[in-house]
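Chain residues, written in single-letter form:
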Amino acid sequence: MASLSPECTPLKDAYYACFNKWYADELLKGSFSGTKKATVSDECQELFTTYKACVWRAIKEKKIDDLIHEARKDDPEHKQ
């Protein structure tokens, strides 16, 4: 599935591949039992940050950021 903006799709694909590898190789195999917290790898986190920034740029370019902020303002779950 494509991202909100075509330029973000390769970033999304890279993040999803990283996350799915982490999920299959680490989380599902129980690498986080005991005191070790289940956190996504730094590499995946960096990919997600880059992808999220791209999506927010696309949201602003499409001028839908105001709609998102208005919807969040009305939702008590999204305190800003």
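Starting from 1, residues in each chain are numbered consecutively following that chain's sequence as written. This being a predicted model, a pLDDT of at least 70 is required before a residue's local features are given, and a value of 80 or more before pairs of side-chain atoms are given or counted; all residues contribute to the totals for chains, interfaces and linings. Heavy atoms throughout the structure, all of them, feed into the side-chain values; hydrogens and water do not.

We apply this condition: UniProt positions are given in the numbering used here, feature names are shortened, and annotations may be inferred rather than shown by experiment.
Going by what an unreviewed UniProt entry lists, the chain is known as Mitochondrial distribution and morphology protein 35 and is assigned to Chytriomyces confervae. Among the UniProt annotations of the chain, the heading Sequence similarities (unreviewed entry) holds the following wording: "Belongs to the TRIAP1/MDM35 family."

### Overview of the state of the cysteines
What counts is decided by this rule: Note on terminology: disulfide denotes any pair of cysteine sulfur atoms within 2.5 Å. A helix here means a DSSP run of H or I that spans at least four residues, while a strand means a run of E at least two residues long, and both kinds are numbered starting from the N terminus. Categorising residues by exposure relies on relative accessible area from a 1.4 Å probe, with only protein chains included: less than 20% of the type maximum marks a residue as buried, more than 50% marks it as exposed, and the intermediate range marks it as partly exposed.
Taken as a whole and assessed by the stated rule, the structure comprises two disulfides. The disulfide bridge from Cys-8 ends at Cys-54, spanning 2.0 Å between sulfur atoms. The sign of the S-S torsion, about -95°, decides the handedness of the disulfide formed by Cys-8 and Cys-54: left-handed. With Cys-8 in the segment before α1 (9-27) and Cys-54 in helix α2 (residues 42-61), this pair connects stretches of sequence that are 46 residues apart. Both residues of the pair, Cys-8 and Cys-54, belong to the buried class. Here Cys-18 connects covalently by a disulfide to Cys-44, the sulfurs 1.9 Å from one another. Across the disulfide from Cys-18 to Cys-44, rotation about the S-S bond amounts to roughly -95°, and the bridge is consequently left-handed. Placement of the pair is Cys-18 in helix α1 and Cys-44 in helix α2, with a sequence separation of 26 residues. Sequential numbering of the bridged cysteines in the chain gives the disulfide pattern 1-4, 2-3.

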